[in-house]
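Residue-level structure breakdown
Next come the chains, spelled out residue by residue.
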Amino acid sequence: MRSLRPMLGDFFADTFEVDSRIFRTLKLLFFKPGQLSIEFAGNRRARYLSPIRLFLFMCFVHLGLLALFISTGWLDRAASTPTDWFGYEEPTPEQIEAVRSQLGPEQRAQLDDIMGRGPDDMNRRTMANYIALDSSVTGGSSPAVYRVLIGYYYDPVAVIERTARHTTLVVILSLPLYALILSIVYFSERRFFVEHLVLVIHLQSFSLVALLAHYLIMPRSLPTTVMSVGIAAGHVWYYLMALRRYFGESWGRTVGRWLVFAFFSFFVTLAGAIAAYLLGGP
């Protein structure tokens, strides 16, 4: 018989309450991969945030910081920083026209806008270099590939912003699929599905932070690319450490199972990325 307003107040207070539990939770999440999932599997949960609450918290942090990067112009400056460390080749007018002939009016206008920018514009250089190398090496990509590339390089920050709006929803819907793959890979462990789901939620919570680091660095030069590769390697190392600690297997078996898990998870991630991109279309 309670009114709606105090019920909503209690719901949001309970959902977003921040106390000492969050610091204990984040400490285990970042510095002892897999241990937080072990605590939940052992029914030692009162001291930590629930997996869903932790994941929602990380989603809000992820989207909030991404909005900050966009509003301050960080992503725009990073995406437009020129670099020549990987080499550069200017396409011929014939190569550009061959690409234009495959496009619709809107994509042709966007391509003309990109190619008309200054020589130091990173998006222009990347698009031009792709046209030159693609036409000379492979004979030309399909129009669908060029539509995606032109849509991105025309305004990459807008694409990232639109896609990010749906990334959280897509990741949430993908969590059971990741957990299903993990439960199949570790079928011999005879664990409940919810145990695999909790571990996946903790892994994905960490992945949101790793993705933010990629946004912050934006590999546009040799040093930032090295840093980005280092973050990716650290991401893989975190997953291996979490799986080894949680399931208690040798390094050889852990690496082998992780390779199988990563192989099938790649298709789920790819499908999710495409879905987020299409949902975030203009």
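Residues numbered from 1 in each chain as written. Predicted model: local features only at pLDDT ≥ 70, side-chain atom pairs only at ≥ 80, totals over all residues. Heavy atoms only, no water.

**Description of the overall build of the chain**
Of the regular secondary structure elements, the chain holds 13 helices and 0 strands. The order of helices and strands in the chain, counted from the N terminus, is α-α-α-α-α-α-α-α-α-α-α-α-α. Across the 282 residues of the chain, 41% fall into the buried class. A sequence separation of at least 24 residues applies to 71% of the contacts in the chain between residues at least 6 apart. By element, 68% of the accessible surface of the chain is carried by carbon and sulfur atoms, the whole surface being about 15300 Å². (Helix = DSSP H or I, 4+ residues; strand = E, 2+ residues; numbered from the N terminus. Buried < 20%, exposed > 50% of the residue type's maximum accessible area, 1.4 Å probe, protein only. Contact = heavy atoms within 4.5 Å. Areas by Shrake-Rupley, 256 points an atom, 1.4 Å probe, with all protein chains shown as cover.)

**Some points on the pattern of salt bridges**
Tallied over the entire structure, the rule returns 7 salt bridges. Salt-bridge contacts for Arg100 lead to Glu97; the nearest nitrogen and oxygen are separated by 3.4 Å. Note that Arg100 and Glu97 are positioned in helix 6 (residues 93-100) at a spacing of 3 residues, about one turn of the helix. Two residues, Asp112 and Arg100, come together in a salt bridge whose shortest N-O distance is 2.9 Å. (Salt bridge = Lys/Arg side-chain N within 4 Å of Asp/Glu carboxyl O.)

**Considerations on the nonpolar core**
Core analysis: the largest hydrophobic core is formed by 37 residues, its most contacted members being Leu36, Leu54, Phe55, Leu182, Leu199 and Leu243. Of all the secondary-structure elements, those providing two or more residues to this core are helix 2 (20-31), helix 3 (35-41), helix 4 (51-71), helix 10 (156-185), helix 11 (193-217), helix 12 (222-247) and helix 13 (251-279). Aside from chain neighbours lying at most four places away, what touches Leu36 is Thr25, Leu28, Leu29, Tyr48, Leu54 and His202. Formed by 12 residues, the second largest nonpolar core is a distinct cluster that contains Ile96, Ile114, Ala128 and Ile150. (Core = buried A, V, L, I, M, F, W, Y, C linked by side-chain atoms within 4.5 Å.)

**Structural notes on the packing of aromatic side chains**
For the coordinates displayed, the defined rule picks out 9 aromatic pairs. Here the aromatic rings of Phe206 and Tyr238 are separated by 3.6 Å at their centres, their planes lie at 0 degrees, and the arrangement is stacked. Of this pair, Phe206 sits in helix 11 while Tyr238 is found in helix 12, placing the two residues 32 residues apart along the sequence. Here Phe206 and Tyr238 have matching classes, each one buried. Judged by centre distance (5.5 Å) and plane angle (75 degrees), the ring pair of Phe266 and Phe267 falls under edge-to-face. Joined through ring pairs, the aromatic side chains of Phe263, Phe264, Phe266 and Phe267 make up one cluster. (Phe/Tyr/Trp six-rings, centres within 6.5 Å; stacked < 30°, edge-to-face > 60°.)

**Concerning a nonpolar patch on the surface**
Taken together, the side chains of Val260, Phe263, Phe264, Phe266, Phe267, Leu270, Ile274 and Leu278 define a hydrophobic patch exposed on the protein surface, amounting to about 810 Å² of accessible area. Exposure remark for Phe263: the relative accessible area of 48% places this residue in the partly exposed category. (Patch = residues over 30% accessible without salt bridge, like charges linked within 9 Å, V, L, I, M, F, W, Y side chains within 5 Å.)

**A closer look at the packing of helix 6 against helix 7 (residues 105-115)**
Working note: a packed helix pair is described by the angle between its axes plus the distance between those axes. Running from N to C, helix 6 and helix 7 cross one another at 155 degrees; their axes reach a closest spacing of 10 Å. Relative to helix 7, the element helix 6 is oriented roughly antiparallel. For the pair helix 6 and helix 7, the contacting residues are Ile96, Val99 and Arg100 in the first and Arg108, Leu111, Asp112 and Met115 in the second. Considering only residue class, the contact of helix 6 with helix 7 consists of 4 nonpolar, no polar and 3 charged. (Axes fitted to C-alpha atoms, helices over the stretch in contact; angles between N-to-C directions. Parallel < 35°, antiparallel > 145°, perpendicular 65-115°, else oblique. Nonpolar A, V, L, I, M, F, W, Y, C, P; charged D, E, K, R; others polar.)

**Thoughts on helix 9 (residues 143-154)**
End to end, helix 9 covers 16 Å across 12 residues, agreeing with the expected 16 Å (1.5 Å per residue, within 8%). Along helix 9, the positions that sit buried rather than exposed are Tyr146, Ile150, Gly151 and Tyr153. (Expected span 1.5 Å × (residues − 1).)

**Details of helix 6**
Among the residues of helix 6, Gln95, Ile96, Val99 and Arg100 are the ones counted as buried. Each buried residue of helix 6 sits inside an arc of 140 degrees when the element is viewed along its axis, so together they form one side. Pointing more than 90 degrees away from the buried face of helix 6 are the exposed residues Pro93 and Glu94. (Arc of directions from axis to C-beta.)

**Here's the deal with unusual backbone geometry**
Positive phi, normally seen in glycine, also occurs at Asn43, with a value near 65 degrees. Tracing the chain through its elements places Asn43 in the loop between helix 3 and helix 4. By relative accessible area, Asn43 is classed as exposed at 57%. The backbone of Arg190 sits at a positive phi, close to 55 degrees, despite the residue not being glycine.

**Considerations on the confidence of the model for the chain**
Interpreting fine coordinate detail is not advised for predicted regions of low pLDDT. Residues with a pLDDT of 70 or more make up 82% of the chain, whose mean pLDDT is 81. Here helix 5 (residues 74-79) is the element of the chain with the lowest mean pLDDT, 59, and helix 3 is the one with the highest, 93. (pLDDT = per-residue confidence, 0-100.)

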